[in-house]
Amino acid sequence: MGLFTDKKGLIFGVANKNSIAWGIAQALHEEGATLGFSYAGEILKKRVDPLAASLNSPFVEECDVTDDGAIDAVFAKAQEQFGTIDFLVHSIAFAPREELTGRFVDTTRAGFRTALDISCYSLVALAKRARTLMPDGGSILTMTYFGAEKVTPNYNVMGVAKAALEATVRYLAWDLGKDNIRVNAISAGPIKTLAASGVGSFRKSLSYVGEVAPLGNVDQANVGDAGRFLLSNWSGGITGEVLHVDGGYNIMGAPDPEMME
Ligand code: NAP
């Protein structure tokens, strides 16, 4: 018996085998979960289809989270397929590449809207529909980054979007607590993925964090393990929380002086 035997859920945000959502999917599959996948665009279908098939997933549907009709359609199909669900993973973020480098003061209105819409509002939109499929409660998990808490050069508008996302986690946790639905976030350390490669100087950040963090860099499997916990009954008393899975980077005030010599 796995932790997720007889449990079903939806995972939004697998783009390829490097995606953080894929690390979470593998961990849940190991625990016996039945998984449904949703990906952003037609181009990803050829990548996501075989990944989903490798975990015996009966459900792979396209959904652009900027489109309410597309979100309604994917949840209608999920209801047909699964009836009810126990968990949902939101592992989605986007900002135009030109917003993820240079001066924050140059952030455009359009870039700001896009980043907040796709990276933050989408959690509200998915949670609203997930609630109707969770009559006995459930667990919702999203992905955030330290740039929400402290200035991280080049992360720019995405840091603002993640700050809003973390506040959204708390408001949803309060509101959906009545429905016995928990809402939490994992704040992952930098991991090489498609989305990460869009952030200016990502490689340098990755190697810096690897040096400074007490445990060095983390990987998709570390995040998957934390996802196992936050999506399961073992975290039954936890909601509105942001759990750092960052090798301890966030506890550091300054790097070890020996590193600076
Ligand atoms: P990823 O593999 O590129 O995943 C990002 C996902 O967001 C992709 O599947 C992408 O699909 C999807 N997405 C973008 N726009 C969308 C839209 N309009 N509708 C539906 N889906 C859309 O990168 P990742 O690093 O695993 O990112 C997953 C989450 O982890 C993000 O929230 C990210 O901010 C967060 N995170 C990442 C790191 C890191 O260092 N990698 C650290 C902390 C937090 P397309 O490829 O089709 O756009």
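Residues numbered from 1 in each chain as written. Predicted model: local features only at pLDDT ≥ 70, side-chain atom pairs only at ≥ 80, totals over all residues. Heavy atoms only, no water.

S.K.: Mind showing me how you'd approach the side chain of Asp-246 here?
M.R.: Inspection of the secondary structure assignment puts Asp-246 in the loop between strand E7 (242-245) and helix H8 (257-260). Within the buried set, Asp-246 has no salt-bridge partner at all; the shortest N-O distance to an opposite charge, 12 Å, is to Lys-150. Looking at Asp-246, its side chain comes within polar contact range of the side chain of Asn-250, at 2.8 Å. When sequence neighbours within four positions are dropped, the list of residues in contact with Asp-246 reads Ser-187, Ala-188, Gly-189, Ala-213, Gly-216 and Val-218. (Helix = DSSP H or I, 4+ residues; strand = E, 2+ residues; numbered from the N terminus. Buried < 20%, exposed > 50% of the residue type's maximum accessible area, 1.4 Å probe, protein only. Lys, Arg positive; Asp, Glu negative; His and termini not counted. Salt bridge = Lys/Arg side-chain N within 4 Å of Asp/Glu carboxyl O. Polar contact = N/O pair within 3.5 Å; in protein donor to acceptor, adjacent residues only side chain to side chain. Contact = heavy atoms within 4.5 Å.)

S.K.: Can you help me understand the packing of aromatic side chains in this one?
M.R.: Any two aromatic rings considered together are summarised by their centre-to-centre distance and by the angle between their planes. Counted under the stated rule, the structure contains 7 aromatic pairs. With centroids separated by 6.5 Å and ring planes inclined at 80°, the aromatic side chains of Tyr-208 and Tyr-249 adopt a geometry described as edge-to-face. Here Tyr-249 lies in the loop between E7 and H8 and Tyr-208 lies in helix H6 (residues 202-212), a separation of 41 residues in the sequence. One aromatic cluster is present, built from ring pairs that chain together Phe-146, Tyr-208 and Tyr-249. Above the plane of the ring of Trp-174 lies Lys-178, whose end atom (NZ or CZ) is 4.5 Å from the centre. (Phe/Tyr/Trp six-rings, centres within 6.5 Å; stacked < 30°, edge-to-face > 60°. Lys NZ or Arg CZ within 6 Å of the ring centre and 35° of its normal.)

S.K.: Would you explain the site of the ligand in this entry?
M.R.: Taken together, 28 residues lie near the ligand, and Ser-19, Ile-20, Lys-162, Ile-191 and Thr-193 sit nearest. Note that an oxygen atom of the ligand is positioned 2.6 Å from one of the side-chain N or O atoms of Ser-19. At 2.6 Å from an oxygen atom of the ligand is found a side-chain nitrogen or oxygen belonging to Thr-193. In isolation the ligand has 870 Å² of accessible area, and contact with the protein removes 89% of it. Residues of the shell around the ligand, tallied by class, amount to 20 nonpolar, 6 polar and 2 charged. (Near = heavy atom within 4 Å. Areas by Shrake-Rupley, 256 points an atom, 1.4 Å probe, with all protein chains shown as cover. Nonpolar A, V, L, I, M, F, W, Y, C, P; charged D, E, K, R; others polar.)

This is a description of form; function is not addressed.
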